[in-house]
Amino acid sequence: MARRAIAPLEYTRRLWMRLWVAAVLAFLYIPLIALIIFSFNDSKRNIEWKGFTLKYYEKAFENSSLMEALFNSLTIAFFATVLSVILGALTAILLWRFRFTGKAGLEGTMTMPIVVPEICMGVAMLIFFNGIGWPQNLPWPFSLSQIIIAHSTFCFPFVAMVVRARLASFNRQQEEAAKDLGATEIQAFRDVLLPHIKPGLIAGALLAFTLSLDDFVITFFTSGPETVTFPIKVYAMVRFSVTPEVNAVSTLLIILTIILTAIAMKLQNAAALGASPK
Amino acid sequence: MNQPERQPIIQIQNVTKRFGPLTAVDKVSLDILSGEFFVLLGPSGCGKTTLLRMLAGFELPDEGRILIDGVDMAKVPPNKRPVNMVFQSYAIFPHMTVADNVAYGLTLQKVNKGEIADRVNEALNLVSLGGLDGRMPDQLSGGQRQRVALARSLVMRPKVLLLDEPLSALDAKLRLQMQMELSDLQDEVGITFVTVTHDQDEALSMACRIGVMNKGEVAQLATPSDLYEFPASRFVADFIGTVNLFEGQLIVDEPDRAVANCPELGRIYINHGVTGPHDALIWVAIRPEKVGMAKPGTYRGRPDVPEGHNISEGRIKSMSYLGDITLYAVILDNGRMMHVSRPNISRTDQEDFTWDDRVTLHWHGSSPVVLLA
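Residues numbered from 1 in each chain as written. Chains lettered and ligands numbered in written order. Predicted model: local features only at pLDDT ≥ 70, side-chain atom pairs only at ≥ 80, totals over all residues. Heavy atoms only, no water.

## Here we look at the overall build of chain A
Alright, step 1. Counting secondary structure elements, chain A contains 12 helices and 0 strands.
Alright, step 2. In sequence order, chain A lays out its α and β elements as α-α-α-α-α-α-α-α-α-α-α-α.
Alright, step 3. By the compact-globule yardstick of 19 Å for 278 residues, chain A is too spread out, its C-alpha radius of gyration being 23 Å.
Alright, step 4. Oriented by its inertia axes, the alpha-carbon framework of chain A measures out at about 75 × 70 × 30 Å.
Alright, step 5. Each of the 278 residues in chain A was classed as buried or not, and the buried ones make up 41%.
Alright, step 6. In chain A, 70% of the contacts between residues at least 6 apart in sequence involve partners at least 24 apart.
Alright, step 7. Accessible surface, chain A as shown: approximately 16100 Å² in total, 71% of it carbon and sulfur. (Helix = DSSP H or I, 4+ residues; strand = E, 2+ residues; numbered from the N terminus. Rg over C-alpha atoms; globule rule 2.2 N^0.38 Å. Buried < 20%, exposed > 50% of the residue type's maximum accessible area, 1.4 Å probe, protein only. Contact = heavy atoms within 4.5 Å. Areas by Shrake-Rupley, 256 points an atom, 1.4 Å probe, with all protein chains shown as cover.)

## Comments concerning the nonpolar core
All names here are of chain B.
Alright, step 1. Counting 109 residues, the largest nonpolar core has Ile10, Leu150, Leu162 and Val194 as its most contacted members.
Alright, step 2. Those residues in contact with Leu150, other than ones at most four positions away along the chain, are Val86, Val127, Leu161, Leu163, Met178, Leu182 and Leu185.
Alright, step 3. With 26 residues, the next largest nonpolar core counts Leu250, Cys262, Val291 and Met319 among its residues. (Core = buried A, V, L, I, M, F, W, Y, C linked by side-chain atoms within 4.5 Å.)

## A closer look at the pattern of salt bridges
Residues and elements named next belong to chain B.
Alright, step 1. Following the criterion strictly, the structure yields 27 salt bridges over all chains and no others.
Alright, step 2. Residue Arg119 is joined to Glu115 by a salt bridge in which the shortest nitrogen-to-oxygen separation is 3.2 Å. Taken together, the residues Arg119 and Glu115, both in helix 3 (residues 113-126) and 4 residues apart, mark about one turn of the helix.
Alright, step 3. Given the relative accessible area of 11%, Arg119 is considered buried.
Alright, step 4. Residue classification places Glu115 among the partly exposed residues on the basis of a relative accessible area of 33%. (Salt bridge = Lys/Arg side-chain N within 4 Å of Asp/Glu carboxyl O.)

## Overview of the interface of chain B and chain A
Alright, step 1. Listed as interface residues are 24 residues of chain B and, on the opposing side, 18 residues of chain A.
Alright, step 2. Its largest share of buried area at the contact with chain A, chain B owes to Asn79, Tyr104 and Leu108 of chain B, together 26% of the area lost on that side.
Alright, step 3. At the boundary of chain B with chain A, the tally comes to 1 salt bridge.
Alright, step 4. Where Arg53 of chain B meets Glu176 of chain A, a salt bridge forms, and the shortest distance between an N and an O atom there is 2.6 Å.
Alright, step 5. Here chain B is connected to chain A by 10 residue pairs in polar contact (both at pLDDT 80 or more).
Alright, step 6. Of all the elements in the fold, those that place two or more residues in the side of chain B that touches chain A are helix 1 (48-56), strand 6 (83-86), helix 2 (98-108) and helix 4 (142-154) of chain B.
Alright, step 7. When its residues are assigned to classes, the side of chain B that touches chain A shows 14 nonpolar, 6 polar and 4 charged. (Buried area = accessible area lost by both parts, 1.4 Å probe. Polar contact = N/O pair within 3.5 Å; in protein donor to acceptor, adjacent residues only side chain to side chain. Nonpolar A, V, L, I, M, F, W, Y, C, P; charged D, E, K, R; others polar.)

## Describing the domain arrangement of chain B
All names here are of chain B.
Alright, step 1. Looking at the assigned domains, one finds that chain B contains domain 1 (8-235) and domain 2 (242-372).
Alright, step 2. Taken together, the contacts link 7 residues of domain 1 with 7 residues of domain 2.
Alright, step 3. Summing both partners gives a buried area of about 680 Å² for domain 1 against domain 2, and 56% of it is carried by carbon and sulfur.
Alright, step 4. Our count for the domain 1 to domain 2 interface comes out at 1 salt bridge.
Alright, step 5. Put simply, Glu229 and Lys290 hold a salt bridge, and the shortest N to O gap is 3.0 Å.
Alright, step 6. Our count for the domain 1 to domain 2 interface comes out at 3 residue pairs in polar contact (both at pLDDT 80 or more).
Alright, step 7. By residue class, the composition of the side of domain 1 that touches domain 2 is 4 nonpolar, 1 polar and 2 charged. (Domains from an automatic or database assignment.)

## A look at the sheet that holds strand 8 (residues 192-197) of chain B
Residue and element names in this part refer to chain B.
Alright, step 1. The strand order across the open sheet formed by 6 strands is 6-7-8-3-9-10, and the pairing between neighbours is mixed. Of all the strands in the sheet, the pair left with one neighbour each is strand 6 and strand 10 (217-222). Across the sheet, the mean angle separating the axes of adjacent strands is 20 degrees when strand polarity is ignored.
Alright, step 2. Sheet analysis places strand 6 next to strand 7 (residues 160-164), joined by 4 bridges and oriented parallel. Bridge pairing links Val83 to Val160 in strand 7.
Alright, step 3. Relative to the sheet, helix 5 (residues 172-189) contacts strand 3 (37-41), strand 7 and strand 8, its axis offset from that of strand 8 by approximately 155 degrees. (Pairing = 2+ DSSP bridges. Axes fitted to C-alpha atoms, helices over the stretch in contact; angles between N-to-C directions.)

## Quick word on the sheet that holds strand 11 (residues 244-253) of chain B
Residue and element names in this part refer to chain B.
Alright, step 1. Strands sit in the order 13-12-11-14-20 across an open sheet of 5 strands; the sheet is antiparallel. Every interior strand has two partners, whereas the edge strands, strand 13 (266-270) and strand 20 (369-371), have only one. Averaged over neighbouring strand pairs, the angle between their axes works out to 40 degrees when direction is ignored.
Alright, step 2. As paired strands, strand 12 (residues 258-262) and strand 13 are joined by 5 bridges and run antiparallel to one another. Bridge pairing links Asn261 to Arg267 in strand 13.

Here it is in structure tokens:
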């Protein structure tokens, strides 16, 4: 079979490039795949393969403190996401729509939570909540309020960035057209701007959800003594030993994240397609 | 047209609009009559779009008043004005079907469903988009999107339809077709159309009247043929079509004839009286198609033109054959350029003259226009 010569820009057909890509993928994914495989391992230790089992999944589901931690994490992630989406979307619209003094300053400070080291954020939050005397020992779910607030502060800038990128492709004449046809400011927002930024809102929400779900450092500093979230619980379990039970729960978390990410990407693709004509 | 008395539907009175140091619209006053196809024409940055946006309510005048159907629009927001606009980008809502786009304004007015469906259908048929009501905007061509924008505005039955550069995004052939369709559509619905354009062909072919704008002011307000044949200033003469402009002085100024002396073109005889100060600086404008071209020595003069007037000699510097006409650039003996166009009535007319031929140029006594500004 006559092979066509490799053209100058066909890097994907060059052997060294293919090896490099394969190495990168292996480096990224082999640990994850190993973790998933060993979640089915019928052994107390993660070192050797003893046979297939689902018992560690059962064990994980029967572990009430682990399930409580997971439920806490999901609750926190849900509320943090709602808050982040509202705050983030409003911030994005503010920065896109209006000119005001201190706009550059706001843009700068808005991205601070993204760049400030988590450990600093965590300590700052701890000092802040102690300083203002945030009530402790509240009943569930109010006991999660500190963590929810802390998570919202570092999640909403991500939402704002995604939504703002989406807003950049908005044709202001559509808004004017809506008003021209009789829409009030609010109707124009609801009927024209909101559908346009919807994919950005959903993508931002999923981003916020996953960021909140797996946050360890900031949660560690802001959770009270009674509150345990999933990453903190896993950390505590690992300190004794890495049992396949941890693998099982981690696998569930990975699958959940993959599903959410896939939805986010699909929506972003749809958004990109919808944005192409003016 | 059988509207005996036309009332002004839009009265623009002394309107000024500034953007910082820039005066976009400068003390403009004009009336747009009910049922006419009015075109605002001008180069980019002349203020025509700003004026249109003030009619729609997206900009507010700094000074002056705008009355639509006798009502002062100063405090009326865009969503309450009896006008609708077709945007340059069409601004179709991409997440709605064609039918939903067209129905949008009516849904906001809470018109009942049956009537909405009827009116949407009627509007879509009016712009020949019947049957496409279920399509999404990204499945439409540029021309179809424009028709959706038109239908979306017309379905509201506005008193005035505003169109911002409606044809600028279409290719040449489709543009010609849409020019005619827009004129027909306007006739059919009887709504006043106000269109903004920088394209003089578009303006001439569609308009009842044209307002030519320059630097925020209305340079001339006239019908297309008046604008072309009787321009009020050098700006208008030059902006609409091609023109040969020569500086000169009036030396004869009688009620039935005039003679101008142009140092670069000789004596120009005009077979009607002109208003102009004797001896003052004036300009003579002659359109290329109104100049005749003859081989040297063959021109015997015109009966209505005195000997030695309206004639000049030159050499063809360049020619461009455009099919229906041929354009010639003739260098006069004093070095000035004169543009001449010649229709190709017989299939070999373009072979009569060629590069570097010496030619005699001549024109009627009715051809030159005397401009004072």
